[in-house]
Each structure stands twice: as C-alpha cells, then as structure tokens.
Amino acid sequence: MKAHDGMYIDGAWRPAAGQDVIEVVNPADEQVIGTVPAGTAADVDTAVRAARAALPGWAATPPAERAARLTALRDVLDARRDEIAETVTAELGAPLKFSQAVHAAVPIAVAGSYAELAGTYAFEERVGNSTVYQEPIGVVGAITPWNYPLHQIVAKAAPALAAGCTIVLKPAENTPLVAQLFAEAVHEAGLPAGVFNLVTGLGPVAGQALAEHPGVDLVSFTGSTAVGRHIASIAGAAVKKVALELGGKSANVVLPDADLAKAVNVGVANVMSNSGQTCSAWTRMLVHRDQYDEAVELAAQAAAKYGERIGPVVSARQQERVLGYIGKGVAEGARLVAGSTEPPRETGYFVSPTVFADVTPDMTIAQEEIFGPVLSVLRYEDEEDALRIANGTVYGLAGAVWAGDEARAVAFARRMDTGQVDINGGRFNPLAPFGGYKQSGVGRELGAHGLAEYLQTKSLQF
C-alpha cells in the first residue's frame, strides 16, 4: 500500500502538525519503502479531542449496532487480507506465507470474535436489589508494538470498540503502514468519525504525549517491561487505568514421559516463529538430565532446518541486540550447538537460528528476554527442580508442558507462575485470556476477559 502523509483523525486524513517524517525500512533488503509523519504532542491532542467528542455517541450506541460495525470491519479486513500480508512482509520482513497464515488471519479472527461478543455480552445484570452496569471506560490510548503489528492493534481496538470506547492509536514506528491500512478499513466499515484515530510517531514523543494526556482514560500498552513501568508511573500519577502486556521468558517443560521428539521439534518451531520476535515464545526448554543430550541433538537438527525459512529481525538495532546476547551466552559458558555470533548475510537484518546447550538458570540468556531466534536448553533433576527453574525469572507470560500423562502435565502447569500454558502443543485459542503474571504485565487481552479491561462498573440500588 502507499503510505499516507497525514494522520487519520476525526474520520479523515489530516496534515500532521509538524514536518518531520519516519522512514519505513524493509528489514530483508534494508530499502526504504515509505515515510509516515512523525506525530507531535499537538497531533495527539487533536486526536484525543476528536475521540472525546465522539465518545458520548458511540458509548450510547446499542451493543447490537456496535457488533454490526465490528462485523463490517472484520469483513473489510478479510477482503484485504492479501494486502495486509504483503504490507507486513514488506515492513516487518516476515515470510509471506507466515504473514498470510498469522499476521493477516489471526487479527481477522479476533475481530470476528469481538463482533460476536459485542452482541452477546451481559452489559447489565441484576444482583439482589441492584442493577449492575458495565459501561465503557472512555477514551483509550493504545500503544502497540511492531512484532505482530495488526494483531496487537486489533487485540486492543476490537474490544475497546465493542465496549463503547473511542480510541487513539500510536503504532510502532517500525511498522506503521499496516496501521494506516487498518485506519482505511475502519473508514470503509463506516465507523463514526472520531471513534478511531491514528497518530504515527516516535514513542518518546507521540507515545509519551498519549500516555500523559488528561483526556485519556485508559492506556493499553504492549511492549518492553521497561517502557511499561514508565507508562504505569505516568498513569499512576493521574490515577489512570493501564493494561500492560510486557516481556516474557517462557519455559517449555518436557517431563520424562513426554514424546521427546515432538516436544523438541514443536518447541524449536515456536521459538523460530516470527524470527523469535514473540513475547510468549518458549525460549527456555527444560529437559530431564537423562534425556538432555538427546534433546540437545534434536534441537540443533531442528534449528538447522530453519536457516533459509525465517525472515530477518525488524531492524539493525534489533539485530545488534540479539547478536549481543548470543555473544554474551558464549562468554558466560553456554555451548553454541546451532547458530553464530555473526550475521549470516551481508544484507538484511538476519540472525541465524540459534540453540544453546549447557545453559544454567543464572545465565543472562536464561533470564533476559532476547527477542530473537535463540533457544536455551536447560537440564533439570526432578519435577521440583524443573518447577523452580521454570518460575525462576521475573517474567510469567506463557509456557508449555509436555507429558504422556495429561493429568500430570496439568498438575505441573497449575503450579507455574504464568498466565497461559499450552499442554502437549495445545492450539491457539482467540477466546482465551492472554496476559502475564509478575513483570509480564497487568490485565488480559482476547475474549471476554479482554473486553472487561475496557469497561467500568456502576451499580444502582432499588
């Protein structure tokens, strides 16, 4: 798609307040593919004012009508799924097949789920002599990341719209084109002016202005834990609600009675997916000491198959960061059994699929989120040791457990300090709540739990 040179505010594309632009770079070939405006605090203020003006009308719109608008939005996105996939591939570098299967298909499914939920959700109920109402929280400031650019937009915008909220979106500066495409879809679907607004820009400028704007009632942010802390401090000073989906260092626990080959192969695939740029990726594989050597060999073999199948990481800065972690892993004594400390290509921000063995729980690569195609394989002595290792980071976003006895896997998963666990390769469920324990965040996305984040409760006594 051709980039817009303005902001989508109050139902139209409008000139930005300033003249600065952001270059959008294809990470596969390092070529500039477009520019978008670098929004300022003035742009954010205009957008928030438009959202506040539109709020009373949209909040009063019957849920069935909001559901109809969401259905129309889902249909527009579905009709443009090829363009979505091509746009994400161009600005993120994801292979086209992956963009089609995940970056386009998943947000369309999520939008559809909220179209249905908006028409069936119980926005009011009787409790004794009271009527309890669930009302929209107000204007939402949504700040989204680059790794799943459209999915993260839809995971915030769809429930907010279903709840009756209005929105100002600040997308990641690396992937703003698919955000502009989403704004086009909103317009085509016939949502009222001001209900959805888009301001492109840099985090420290436009993102900061959105988080601290007094006209914003809820800040929904997905990104790093460090930035999440900063946003929480801003919101806390204003007693403003936040929803934070932050970092992860998820454990993939392979119990001794599991199908080892399947667990390892699926685990490697999970880490290599999206070039490792997934907050919920199972980047720590925990294997019993008696099966450890076999698991390491299987993981190295599996990783080798991804050499030409994964795309680049998103930027030169991200490539440098990931390679720095690989170098630190080697320096701290981990054994590199797949991958390299050097880029595999001269052009493009590529990182080789990487597997580390002999990783101990205290190593940097076992504690910090790398956000690249890097897997650490750790050994454990028994289930209690595995649980200690699995819970031994500041994060708690996701995880996996494999066992021949499903009940045993469930029992182990229930003891993990994490928000979502896949049992024996359980499939993604767009209706299941997603979010973290500990420093992985506050609140939940997807399904009814995701809708509840955008509602506030009022009770009337009779």
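Residues numbered from 1 in each chain as written. Predicted model: local features only at pLDDT ≥ 70, side-chain atom pairs only at ≥ 80, totals over all residues. Heavy atoms only, no water.

The name an unreviewed UniProt entry assigns to the protein is Aldehyde dehydrogenase family protein, from the organism Streptomyces nigra.

> In this structure, what is going on with the overall build of the protein? I would like to understand it.
Scanning the protein for helices and strands turns up 15 helices and 22 strands. Its C-alpha radius of gyration of 22 Å places the protein within 12% of the 23 Å reference for a compact globule of 462 residues. C-alpha extents for the protein along the principal axes are approximately 65 × 60 × 40 Å. The buried share of the protein, reckoned over its 462 residues, is 56%. Contacts in the protein between residues far apart in sequence, at least 24 positions, make up 74% of those at least 6 positions apart. (Helix = DSSP H or I, 4+ residues; strand = E, 2+ residues; numbered from the N terminus. Rg over C-alpha atoms; globule rule 2.2 N^0.38 Å. Buried < 20%, exposed > 50% of the residue type's maximum accessible area, 1.4 Å probe, protein only. Contact = heavy atoms within 4.5 Å.)

> Help me understand the packing of helix H2 (residues 63-79) against helix H4 (residues 96-120) in this model?
When two helices pack together, their arrangement is given by the angle between the helix axes and by the axis-to-axis distance. Viewed as axis vectors pointing N to C, H2 and H4 meet at an angle of 165 degrees, and their least axial separation amounts to 7 Å. Considering their axes alone, H2 and H4 lie roughly antiparallel with respect to each other. Along this stretch, H2 crosses H4, giving a crossing that reads as left-handed. Of H4, the residues touching H2 (which contributes Pro 63, Ala 67, Leu 70, Thr 71, Arg 74, Leu 77 and Asp 78) are Ile 108, Ala 111, Gly 112, Tyr 114, Ala 115, Ala 118 and Gly 119. Broken down by class, the residue content of the contact of H2 with H4 amounts to nine nonpolar, three polar and two charged. (Axes fitted to C-alpha atoms, helices over the stretch in contact; angles between N-to-C directions. Parallel < 35°, antiparallel > 145°, perpendicular 65-115°, else oblique. Left-handed = near helix turned anticlockwise from the far one by under 90°. Nonpolar A, V, L, I, M, F, W, Y, C, P; charged D, E, K, R; others polar.)

> Help me understand the environment of Ile 22, please; the structure alone is not making it clear to me.
Note on placement: Ile 22 falls in strand S3 (residues 21-26). Residue classification places Ile 22 among the buried positions, given a relative accessible area of 10%. Taking the C-alpha atoms as reference points, Ile 22 and Pro 37, separated by 15 residues in sequence, lie 6.1 Å from one another. Each residue touching Ile 22, except ones within four places of it in the same chain, is listed here: Gly 34, Thr 35, Val 36, Pro 37, Ala 38, Glu 173, Gly 201 and Leu 202.

> Even after reading the chapter, I still don't get the pairing of strand S16 (residues 374-380), so can you show me in this structure?
Looking along a regular strand, one sees side chains alternate from face to face of the sheet. Burial analysis of S16 places six of its seven residues in the buried class, the great majority of the element. Inspection of the sheet shows strand S13 (residues 284-288) paired to S16 by five bridges, in the parallel sense. Bridge pairing in S16 links Leu 286 to Leu 378. Note that strand S15 (residues 354-357) and S16 share three bridges and pair parallel. Bridge pairing in S16 links Thr 354 to Val 374. (Pairing = 2+ DSSP bridges.)

> Looking at this structure, how should I read the nonpolar core?
One broad trend across soluble globular proteins is that nonpolar side chains are buried collectively. Ranked by internal contacts, the top residues of the largest apolar core, which has 64 residues, are Leu 70, Leu 73, Leu 77, Phe 182 and Phe 196. For this core, the element with the highest residue contribution is helix H5 (residues 149-163), accounting for ten residues. Aside from chain neighbours lying at most four places away, what touches Leu 73 is Leu 161, Phe 182, Ala 185, Val 186 and Ala 189. (Core = buried A, V, L, I, M, F, W, Y, C linked by side-chain atoms within 4.5 Å.)

> In this structure, what is going on with H5? I would like to understand it.
Along an α-helix, residues three or four apart share an orientation, since each turn contains 3.6 residues. Here H5 is 15 residues long and its end C-alpha atoms lie 22 Å apart, about the 21 Å a rise of 1.5 Å per residue gives. Summarising burial for H5: 15 of the 15 residues are buried, a large majority. Once H5 finishes, Gly 164 follows within two positions and takes phi at roughly 100 degrees, a positive value. (Expected span 1.5 Å × (residues − 1).)

> I would appreciate a short explanation of the sheet that holds strand S19 (residues 422-423) in the present structure.
Across a sheet, strands are paired by hydrogen bonds formed along the backbone, either parallel or antiparallel in direction. Spatial strand order, S14-S15-S16-S13-S12-S18-S19: seven strands in an open sheet with mixed pairing. Looking at strand neighbours, the two that pair on one side only are strand S14 (335-338) and S19, the edges of this open sheet. With respect to the sheet, helix H10 (residues 292-304) is in contact with S13, S14, S15 and S16, its orientation differing from that of S16 by roughly 170 degrees.

> What is the right way to look at the pattern of salt bridges in this model?
Two side chains of opposite charge can pair, provided their charged atoms sit close to one another. Enumeration over the complete set of coordinates arrives at 18 salt bridges. Across the salt bridge formed by Lys 170 and Glu 173, the nearest N and O atoms sit 3.2 Å from each other. Judged by its relative accessible area of 3%, Lys 170 falls in the buried class. For Glu 308, the salt bridge goes to Arg 345, with nearest N and O atoms at 3.4 Å. With Glu 308 in the loop between H10 and helix H11 (316-331) and Arg 345 in the loop between S14 and S15, the pair connects residues that are 37 residues apart, well separated along the chain. Overall, the relative accessible area of 69% leaves Glu 308 in the exposed class. Salt bridges linked by common partners bring Arg 80, Glu 83 and Glu 184 together as one network. (Salt bridge = Lys/Arg side-chain N within 4 Å of Asp/Glu carboxyl O.)

> Please explain the UniProt feature "domain: Aldehyde dehydrogenase" (unreviewed entry) in the protein as it appears in this structure.
UniProt's feature table lists "domain: Aldehyde dehydrogenase" (unreviewed entry) at residues 13-459, given in the numbering used throughout. Helix makes up 43% of residues 13-459 and strand 20%, whereas the separation of the span's terminal C-alpha atoms amounts to 40 Å. (UniProt positions renumbered as here; feature names shortened; annotations may be inferred.)

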